[in-house]
Amino acid sequence: MNKTRREFIKQSALLGATTTLIPAIPSFSFSEGAKSNAGKPIIISSANGKEAIKKAMEMIQQGSDALDAVIAGVNIVEDDPNDMSVGYGGLPNEEGVVELDAAVMHGATMRAGSVASIRNIKNPSKVARLVMERSDHILIVGEGALRFAKAHGFQEENLLTEKAREEWLKWKENLSNQDDWLPQHSIEDKDIGGLFEPFYRHYGTIHCSALDKNGNLSCTTTTSGLAYKIPGRVGDSPIIGAGLYLDNEVGSAGSTGRGESNLFNCSSAMIVEYMRQGKSPEQACMLACKRIVDHNKEKRLLDEKNRYKPQVKFYAINKQGEHGGASIWKGGKYIIHDGTDVKEFEGAYLYEK
Ligand code: GLY
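A few points on the structure.

Here is what the cut-offs are and how they apply
- Residues numbered from 1 in each chain as written.
- Predicted model: local features only at pLDDT ≥ 70, side-chain atom pairs only at ≥ 80, totals over all residues.
- Heavy atoms only, no water.
- Buried < 20%, exposed > 50% of the residue type's maximum accessible area, 1.4 Å probe, protein only.
- Helix = DSSP H or I, 4+ residues; strand = E, 2+ residues; numbered from the N terminus.
- Pairing = 2+ DSSP bridges.
- Core = buried A, V, L, I, M, F, W, Y, C linked by side-chain atoms within 4.5 Å.
- Contact = heavy atoms within 4.5 Å.
- Axes fitted to C-alpha atoms, helices over the stretch in contact; angles between N-to-C directions.
- Phe/Tyr/Trp six-rings, centres within 6.5 Å; stacked < 30°, edge-to-face > 60°.
- Lys NZ or Arg CZ within 6 Å of the ring centre and 35° of its normal.

**Regarding the pairing of strand β3 (residues 111-118)**
Inference 1: β3 sits mainly inside the fold: seven of its eight residues count as buried.
Inference 2: In the sheet, strand β2 (residues 100-106) pairs with β3 via six bridges, with the strands oriented antiparallel. Its bridge partner lying in β3, Leu100 is registered against Ile118.
Inference 3: Counted along the chain from β2 to the antiparallel partner β3, the turn is four residues long, and its residue Met110 has a positive phi close to 45 degrees.

**Comments concerning the nonpolar core**
Nonpolar side chains in soluble globular proteins tend to be buried together.
Inference 1: Ranked by internal contacts, the top residues of the largest apolar core, which has 26 residues, are Ile271, Met275, Tyr308, Phe314, Ile328 and Tyr351.
Inference 2: Only α8 (267-276), α9 (281-295), β9 (312-318), β10 (323-329) and β13 (348-351) provide two or more residues apiece to this core.
Inference 3: Among the elements that take part in this core, α9 stands out by supplying eight residues, more than any other.
Inference 4: Not counting residues up to four positions away in its chain, the partners in contact with Ile328 are Cys289, Ile292, Val293, Tyr308, Pro310, Gln311, Val312, Tyr349, Leu350 and Tyr351.
Inference 5: Of all hydrophobic cores here, the second largest spans 24 residues; its members include Ile53, Met57, Val77 and Cys208.

**Here we look at unusual backbone geometry**
Inference 1: One non-glycine residue, Asn120, lies in positive phi territory at about 70 degrees.
Inference 2: Along the chain, Asn120 falls in the loop between β3 and α4 (124-134).
Inference 3: The backbone of Asn306 shows a phi angle near 65 degrees, a positive value even though the residue is not glycine.
Inference 4: Relative to the assigned elements, Asn306 resides in the loop between α9 and β9.

**Describing the sheet that holds strand β12 (residues 342-346)**
Inference 1: The eight strands are arranged β4-β3-β2-β6-β5-β1-β11-β12 in an open sheet whose pairing can be described as mixed. The strands lining the two open edges of the sheet, one partner per strand, are β4 (139-141) and β12. Strand-to-strand, the axes of this sheet are offset by a mean angle of 10 degrees, without reference to chain direction.
Inference 2: Here β2 runs beside strand β6 (residues 217-223); their pairing, made up of six bridges, is antiparallel. Bridge assignment links Ala102 to a residue of β6, and that residue is Thr222.
Inference 3: Taken strand by strand, α4 contacts β2, β3, β4 and β6, and its axis lies near 130 degrees from that of β3.

**Remarks on the packing of aromatic side chains**
Inference 1: Inspection of every chain in the model, using the stated rule, returns three aromatic pairs.
Inference 2: Look at Tyr334 and Phe345: their rings are 5.4 Å apart centre to centre, the planes differ by 20 degrees, and that puts the pair in the stacked class. Taken together, the residues span a long stretch of sequence, with Tyr334 in strand β11 (residues 333-337) and Phe345 in strand β12 at a distance of eleven residues. Each member of the pair, Tyr334 as well as Phe345, carries the same accessibility label: buried.
Inference 3: Directly above the aromatic system of Tyr351 lies the positively charged group of Arg307, at a separation of 5.9 Å from the ring centroid.

Rendered as structure tokens:
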């Protein structure tokens with residue numbers, strides 16, 4: 001599909017979405033990012049997951065369950081010191097301590113597990129799986145999550161690399177208004193808090209959803225969260241329904257970007273529900289973006305053109321193997337492994353700079 005057609009689609013979705021909170025998007029054909037892949041395995045991830053989806057597809061093609069595959073895939077990114085938004089080497093909180101969030105969902109058994117603010121364990125996605133399989137809980141946080149991991153044989157290690165420490169020190173030495181502490185204010189106040197320019201703060205994160213050979217879905221989202229966050233801050237990634245959600249009969253979705261925007265809107269659960277109602281993955285992700293923007297009443301989060309400043313990106317696949325993505329600001333790329341190759345797509349978006 002040519003660019004003009006894509007622009008029309010994006011525009012149509014936006015125009016259709018301005019009149020009501022959850023608009024009826026006009027019916028339109030799928031963009032190039034959403035062709036049917038029915039009956040074949042498919043994996044979607046945020047753009048930083050190239051090695052992850054290669055590994056995951058290799059496993060799925062050998063017959064692995066989707067959950068084994070997505071976890072093994074994102075472990076590569078969690079272990080990579082050069083990805084400063086996930087696992088080992090992730091940017092720390094405002095006190096220089098790395099705190100990780102992760103969640104997993106397994107479609108075949110419709111179970112989930114997650115950990116938040118866990119320190120010193122570089123593969124929180126593996127601990128999240130253990131929470132799902134070896135506890136009667138869904139979410140364990142902080143010290144309790146660390147102890148739970150250690151009880152299952154995980155070794156503690158220092159997750160702060162020299163590169164991440166130096167980045168943190170630079171931030172600490174130049175604080176200005178770029179932290180997360182807000183003075184008393186009203187929703188009408190504009191010049192309060194961080195800059196929120198799209199992309200100025202480091203949210204990172206990897207989301208990965210897969211449909212395996214048996215037609216079962218699974219997904220995981222794992223992150224070091226917002227760089228320089230207030231200690232104990234939990235983003236959207238480990239929250240079932242926000243940072244990820246699936247229904248094995250419908251589809252799977254997840255997010256990266258500013259977790260606070262998503263937490264308020266439970267966007268991944270909404271995306272799955274939009275797909276259940278018949279929306280394509282791209283349409284569903286676009287509706288989630290619109291919902292975030294329409295719900296916002298805080299002026300500090302709007303730019304001079306009254307556009308919502310933070311960036312959030314969504315990724316989705318459905319049970320038929322169709323895929324799509326959308327973000328509030330242009331630039332929401334995602335990648336797909338369709339069994340043959342890794343392909344990059346640009347998702348739909350609401351605003352362009
Ligand atoms: N989406 C990652 C976070 O906000 O922590």
